[in-house]
Amino acid sequence: MSAVEYRFLEPLDVLFLRGNKLFGDPGSFGESLIPPWPSVTAGALRSRMLADEGVDLAAFARGEIDHPALGTPAKPGAFIVTTFQLARRHGGGGVEALFPIPADLVVSESSDGTPSIRALTPSPMFPGYPARNPSGGLRPTKSAPGGFVPQGEGISSSAPLPLLPVLAETERSKPASGYWLTESGWKRYLAGETPTPDDLVKSSALWRIDPRVGVGLVADKRRAADGRLFSVQAVAFGHGVGFLTGVTGAEPPTHGTLRLGGDGRAAAIHAVDPCMPQADFDAIAARRCRLVLATPGIFGSPRPSGPGVSAGWLPTGVTKTAEGEFRFDLHGVKGRLVCAAVPRAEVVSGWDLAKWQPKSAQRAVPTGSVWWLDELEATPEALRKLAERGLWNEPCEDATRRAEGFNRLALAAWR
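Structure report, in brief.

About the criteria used
Residues numbered from 1 in each chain as written. Predicted model: local features only at pLDDT ≥ 70, side-chain atom pairs only at ≥ 80, totals over all residues. Heavy atoms only, no water. Pairing = 2+ DSSP bridges. Helix = DSSP H or I, 4+ residues; strand = E, 2+ residues; numbered from the N terminus. Buried < 20%, exposed > 50% of the residue type's maximum accessible area, 1.4 Å probe, protein only. Contact = heavy atoms within 4.5 Å. Polar contact = N/O pair within 3.5 Å; in protein donor to acceptor, adjacent residues only side chain to side chain. Phe/Tyr/Trp six-rings, centres within 6.5 Å; stacked < 30°, edge-to-face > 60°. Lys NZ or Arg CZ within 6 Å of the ring centre and 35° of its normal. Axes fitted to C-alpha atoms, helices over the stretch in contact; angles between N-to-C directions. Salt bridge = Lys/Arg side-chain N within 4 Å of Asp/Glu carboxyl O. Arc of directions from axis to C-beta.

## Topic: the pairing of strand 19 (residues 265-272)
Here is step 1 of the chain: Here six bridges tie strand 1 (residues 5-11) to strand 19, and the two strands are oriented antiparallel to one another. Its bridge partner being in strand 19, Arg-7 is matched across the sheet by Ala-271.
Here is step 2 of the chain: Linking two consecutive strands that pair antiparallel, namely strand 18 (residues 257-260) and strand 19, is a turn of four residues; a positive phi of about 75 degrees is found at Gly-261 within it.

## With respect to the side chain of Ser-349
Here is step 1 of the chain: Position of Ser-349 among the secondary structure elements: in the loop between strand 24 (346-348) and strand 25 (351-352).
Here is step 2 of the chain: On the accessibility criterion, Ser-349 (10% relative accessible area) is buried.
Here is step 3 of the chain: Leave out the neighbours within four places in its chain, and Ser-349 touches Asn-20, Trp-37, Lys-359, Ser-360, Ala-361 and Arg-401.

## Re the side chain of Asn-407
Here is step 1 of the chain: Summarising the element assignment, Asn-407 is placed in the loop between helix 6 (399-403) and strand 29 (409-413).
Here is step 2 of the chain: There is a polar contact of 2.7 Å between the side chain of Asn-407 and the backbone nitrogen of Ile-298.

## Observations regarding the packing of aromatic side chains
Here is step 1 of the chain: Evaluation of the coordinates by the stated rule reveals eight aromatic pairs.
Here is step 2 of the chain: Considering the side-chain rings of Phe-84 and Phe-243, the 5.2 Å spacing of their centres and the 20 degrees angle between planes classify their relative orientation as stacked. Placement of the pair is Phe-84 in strand 3 (residues 80-89) and Phe-243 in strand 17 (residues 241-248), with a sequence separation of 159 residues. Judged on exposure class, the residue Phe-84 and its partner Phe-243 are both buried.
Here is step 3 of the chain: Judged by centre distance (6.4 Å) and plane angle (55 degrees), the ring pair of Trp-207 and Phe-237 falls under tilted. Residue Trp-207 is located in strand 15 (residues 207-218), and its partner Phe-237 is located in strand 16 (residues 223-237); the two are separated by 30 residues in the primary sequence.
Here is step 4 of the chain: Over the aromatic face of Tyr-179 sits the side chain of Lys-202, whose NZ or CZ is 4.2 Å from the ring centroid.
Here is step 5 of the chain: Above the plane of the ring of Trp-414 lies Arg-288, whose end atom (NZ or CZ) is 4.0 Å from the centre.

## Brief notes about the sheet that holds strand 29
Here is step 1 of the chain: Spatial ordering of the open sheet is given by 21-22-23-28-20-29, a layout of six strands whose pairing is antiparallel. On the outer flanks of this sheet lie strand 21 (318-320) and strand 29, each paired with one strand and no other. Within this sheet the neighbouring strands show an average axis-to-axis angle of 35 degrees, counted without direction.
Here is step 2 of the chain: With three bridges joining them, strand 21 and strand 22 (residues 326-330) adopt antiparallel strand pairing. Of the residues in strand 22, the one forming a bridge with Thr-319 is Arg-327.
Here is step 3 of the chain: Helix 3 (residues 183-190) rests against strand 20 (289-293), strand 28 (370-377) and strand 29 of the sheet, and its axis sits at about 60 degrees to strand 29.
Here is step 4 of the chain: Sheet strands touched by helix 5 (residues 380-389): strand 20, strand 22, strand 23 (333-341) and strand 29. Its angle to strand 29, the strand with the most contacts, is close to 140 degrees.

## A closer look at the environment of Phe-8
Here is step 1 of the chain: In this fold, Phe-8 is placed in strand 1.
Here is step 2 of the chain: You can call Phe-8 buried: its relative accessible area is 0%.
Here is step 3 of the chain: Between the C-alpha atoms of Phe-8 and Gly-94, which are 86 residues apart in sequence, the distance is 9.8 Å.

## Focus on the pattern of salt bridges
Side chains that differ in sign of charge can pair as their charged atoms come close.
Here is step 1 of the chain: Scanning the entire structure with this criterion turns up 21 salt bridges.
Here is step 2 of the chain: As a salt-bridge pair, Arg-336 and Glu-325 come within 4.0 Å of each other at their nearest N and O atoms. In this pair, Arg-336 is assigned in strand 23 and Glu-325 in the loop between strand 21 and strand 22, connecting sequence segments 11 residues apart.
Here is step 3 of the chain: A salt bridge links Glu-394 to Arg-402; the shortest N-O distance between them is 3.3 Å.

## Here we look at unusual backbone geometry
Here is step 1 of the chain: With an omega dihedral of -5 degrees, the bond running from Ile-34 to Pro-35 counts as a cis peptide bond.
Here is step 2 of the chain: Relative to the helices and strands, Pro-35 is located in the loop between strand 2 (29-30) and helix 1 (39-52).
Here is step 3 of the chain: Despite not being glycine, His-331 has its phi angle at roughly 55 degrees, a positive value.
Here is step 4 of the chain: The residue Trp-356 is not glycine, and still its phi comes out positive at about 55 degrees.
Here is step 5 of the chain: Relative to the elements of secondary structure, Trp-356 occurs in the loop between strand 25 and strand 26 (357-358).
Here is step 6 of the chain: Look at Trp-356 and you get exposed, because its relative accessible area is 60%.

## Observations concerning the pairing of strand 5 (residues 105-109)
Here is step 1 of the chain: Most of strand 5 sits inside the fold, with four of its five residues counted as buried.
Here is step 2 of the chain: Judged from the five bridges that link them, strand 5 and strand 6 (residues 115-119) form a sheet pairing that is antiparallel. Looking at the pairing, Val-107 lines up with Ile-117 of strand 6.
Here is step 3 of the chain: Once strand 5 ends, the chain turns through five residues before running back antiparallel as strand 6, passing Gly-113 with a positive phi of about 90 degrees.

## Considerations on the sheet that holds strand 3
Here is step 1 of the chain: The eight strands are arranged 14-13-4-3-17-1-19-18 in an open sheet whose pairing can be described as antiparallel. Pairing within the sheet leaves two strands with one partner each, and these edge strands are strand 14 (200-202) and strand 18. Across the sheet, the mean angle from the axis of one strand to that of its neighbour is 45 degrees, orientation sign disregarded.
Here is step 2 of the chain: Its contacts with the sheet put helix 3 on strand 4 (95-100) and strand 13 (179-181), and the angle it makes with strand 4 is roughly 55 degrees.

## Digging into helix 3
In an α-helix there are 3.6 residues to a turn, and that puts residues three or four apart on one side.
Here is step 1 of the chain: Among all positions in helix 3, only Glu-183, Gly-185, Trp-186, Tyr-189 and Leu-190 are buried. Buried residues along helix 3 cover an arc of 155 degrees about the axis, so they all sit on one side.
Here is step 2 of the chain: Residues of helix 3 that are buried make contact with strand 4, strand 5, strand 13, strand 20, strand 28 and strand 29.
Here is step 3 of the chain: The first or second residue beyond helix 3 is Gly-192, which carries a positive phi of 90 degrees.

So, in structure tokens, the structure goes:
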């Protein structure tokens, strides 16, 4: 894979980061999605690149122009979004990436509002587990038909994996939302440590919601439509807050502005060279690891060959063996899937500028989902390759969504 070109997109106006819900009817409400899908930055960068080169946009949309880096709308070229993070400038003039709280971390607040962080622990819940095999990994010894696993007297679950992510606590607490991990906290997390409260930043310190009122229009009469008032959410980012995006296969513009989000609001683009944290691949190659989803995952397509079960919450590369185990095998990385922390599915769609119509709605696994792999078989080079290519098969089952930055992941140590 070619070197990653990083750009910092700094909004110059409020942004309308629309989700997949229709609005515009009288009294309807358009909610903004933060963070937006990575396709937002992919579309903005590609449009700016085409405009800079004087490409006939209508001809490109019809597939009549094959761009060296962007290809065509039907067959994307080498351009791929590999990174899309909320980010902010820091005192030294550089950019710090900010990360959503992974699904295996729980943030709670005390009565005075002080946050604390605890980690979910993969734990056996049914008798006879764990039993160690000669390779040192964990292997279940008991299961039940129908996909249900006995987990002790009075406890049953439809989870097919041998371990469940458990939060051990002496007192019941309520999770707190609206927090982001700083770069230092992300480094600790990738190393298998639990971040500290100092590694958290509140959403209110990064942006605020600015409600706006919209008016429906009568296109042929060029006037406001009667009784067509609706509300939308505009997002006003704080000073120095924006998005960090990484691209391979092309060189995006290094300065100027581009149109970002709904209504094409202006954002300045800056070339940056951040030091993106990564796990110690040498340390985790011979043991076990966690797969952490960095952008929404679309896993609805089975593998091109073999009895693939990649669908829904299971990442690309997973197959189910005759013994009922779930095995991961992708880009030279092999392991046994033993635990998962996956929040409720979301729906990804978008607007297709080339066809001037909505994109197909697809169920997606949310950013921050975590899978634990045991019995890992991989070299440091294979782990690095997996992190670079993301959770996509070769050949890719959806080159368009891959170019837009979906199915990106990070590897983290599992201690």
